[in-house]
Amino acid sequence: MNANHYDSSRRDFLQKSALATAGLLTPLPLTVLGAPAAKRRVAMVGTGHRGTSMWGKLLLEEHRDVIEFVGLCDSNKGRLETAKKLLGVSCPTYTDFETMMRQAKPETLIVTTVDATHDQFIIKGMEMGANIVSEKPMTTDETKCQAILDAEKRTGKKVTVTFNYRYSPHRQKIYDLLRKDTIGKITSVDFHWYLDNSHGADYFRRWHRLTEKSGSLWVHKASHHFDLLNWWLESEPETVYAKGALENYGKNGPFRFSNCRPCPHKAKCPYYWDMTKDARLMALYAANEQYDGYLRDGCVYKEDINIYDKMAATIAYANGVQVSYSLTTYSPYEGYRIAFNGTKGRIEAWIKESGAMKMEPYDEIMVSRNFGKVEYIQVPQAEGHGGGDKLLRAQLFRHPEATDTFRQAAGSRDGAMAILVGVAARKSIASGQAVRIADLTDLKPVAIKA
């Protein structure tokens, strides 16, 4: 979303309108039968940028009256103390997770660590009495996924995966159109996502560049997209055939260094990024490199990069829908193009998030009916992942019992089906063969709606 195209007051109006429409703007009463209602006890493990912003500062700004942080945990003690200041909380901080769980006794644990470690905190968190709110992806491979599913059954606790894309207004509108039989029976989908040279490159600077930490962009990023497909289609994936390569970043670069700040090549590198201009990231990461050596502005041409920068997959669904998907990480603009082909017509959209082209203050959906007219539907935009972030936080922490009209709340099965497409894609590339989702865990794909 390009914020230059409309002012903050308009954004605020659009956000409040969306929240009011969804019935999520009115606060919960703080008393029950005259007694003060207890705030929900919340702890967080992983105090990086994502945790301290979306699940820290912003969560508190919106819902401080119904939640309280009782513990923060991170392996980097410097970043942990910085996070506490950024959030403005007085709760204890911990570098040992189990100690936090024993002493703080949270009801809800928010997991925002490196993707490959999600499983250990999700599982141990449930075993020690908490329900889990996990950033996507839920985990990074099929073994860890199965362990999470088993632990949820064993402990009776609940895992929620934060697929905020489900909540943005234009995606909700697409879901509604599909449910109303607007284009008849859906037969196939064309879905192509483009990351620009700023956002896309950033994945190759960070720990995400290593498959062993992120599961590759097939899992870390594309799980967002696969979850949207699963949700929109009301079905689950059965088989995946994929291709992928690393052709722009990593070893393909003409030169390289450890990170951008001291790099001798910065004058000629198109991907040079001046992290010193971001005070928040400097405080969270640069000021705390001494504790773990993590370089937030790592070189996009590092030799150790082992994730793909171009990806394509064919996905077959349990309800018979065929999907053609691709992800490009070095596009001149950011956004996606999607089209649903049906027996009565086609729904399509080009969602623009950044770029030099004209940017409208709305997302446009085009509905073409066979032998009929074309309809253009304009959905106002909003800040925060297309306006979805506030709605997600409100549903999770203020109105968890509200009717889920659009089936947006995502549990462990949703989290599993989203990552398993990416896991299958990795395996397909390695083997050259299509991979069956049912062969990865004990989950058997189903069509929620035939």
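Report on the accompanying structure. Each chain has its residues counted from 1, running along the sequence as written. Reporting in this predicted model follows two pLDDT cut-offs: at least 70 for local features of residues, and 80 or more for side-chain atom pairs to be given and counted; totals over whole chains, interfaces and linings ignore these cut-offs and use all residues. Computation of side-chain values covers all heavy atoms of the structure but excludes hydrogens and water.

For the rest of this paragraph, the subject is the nonpolar core. Ranked by size, the top nonpolar core spans 93 residues in total, and within it Leu109, Val189, Trp232, Ile315 and Phe340 carry the most contacts. Take this core: its biggest share by element is nine residues, from helix H14 (residues 412-431). Only heavy atoms matter for contacts: two residues are in contact if any of them lie within 4.5 Å across the pair. Discounting residues that sit within four places of it in the chain, Val189 has contacts with Leu229, Leu233, Val321, Gln322, Val323, Ser324, Ile338, Ala339 and Phe340. In these notes, a set of buried Ala, Val, Leu, Ile, Met, Phe, Trp, Tyr and Cys residues joined through side-chain atoms within 4.5 Å is what counts as a nonpolar core. Throughout, exposure labels follow a simple rule: accessible area from a 1.4 Å probe, protein chains only, divided by the maximum for the residue type, with under 20% read as buried, over 50% as exposed, and the rest as partly exposed. If you look at the next biggest cluster of nonpolar residues, it comprises 21 residues, including Trp55, Val66, Val133 and Leu392. Strands are runs of DSSP state E lasting at least 2 residues, helices are runs of H or I lasting at least 4, and numbering of each runs from the N terminus.

Further remarks concern the packing of helix H4 (residues 97-104) against helix H5 (residues 118-127). Closest axis-to-axis distance for the H4/H5 pair is 11 Å, and the angle between their directions is 30 degrees. Classified by the interaxial angle, the pair formed by H4 and H5 is roughly parallel. In this structure, the crossing between H4 and H5 has a hand that is right-handed. Packed against H4, whose contacting residues are Phe97, Glu98 and Met101, the element H5 presents Phe121, Lys124 and Gly125 at the interface. In this description, a line fitted to the C-alpha atoms serves as the axis of each element, helices being fitted only across the stretch in contact, and the angle between N-to-C directions of two axes falls anywhere from 0 to 180 degrees. Between 65 and 115 degrees an angle is taken as roughly perpendicular, under 35 as roughly parallel, over 145 as roughly antiparallel, and anywhere else as oblique. Take the far helix as the reference: if the near one is turned anticlockwise from it by less than a right angle, the crossing is left-handed, and if turned clockwise, right-handed.

Along the chain, Lys136 connects to Pro137 via a cis peptide bond; the corresponding omega equals -10 degrees. Phi at Glu234 takes a positive value of approximately 50 degrees, unusual for a residue other than glycine. Its location among the elements puts Glu234 in the loop between helix H10 (222-233) and strand E10 (237-245). Even without a glycine there, the phi angle at Phe371 is positive, about 60 degrees. Mapped onto the fold, Phe371 is located in the loop between strand E15 (362-369) and strand E16 (374-380). The class for Phe371 is exposed, based on a relative accessible area of 90%.

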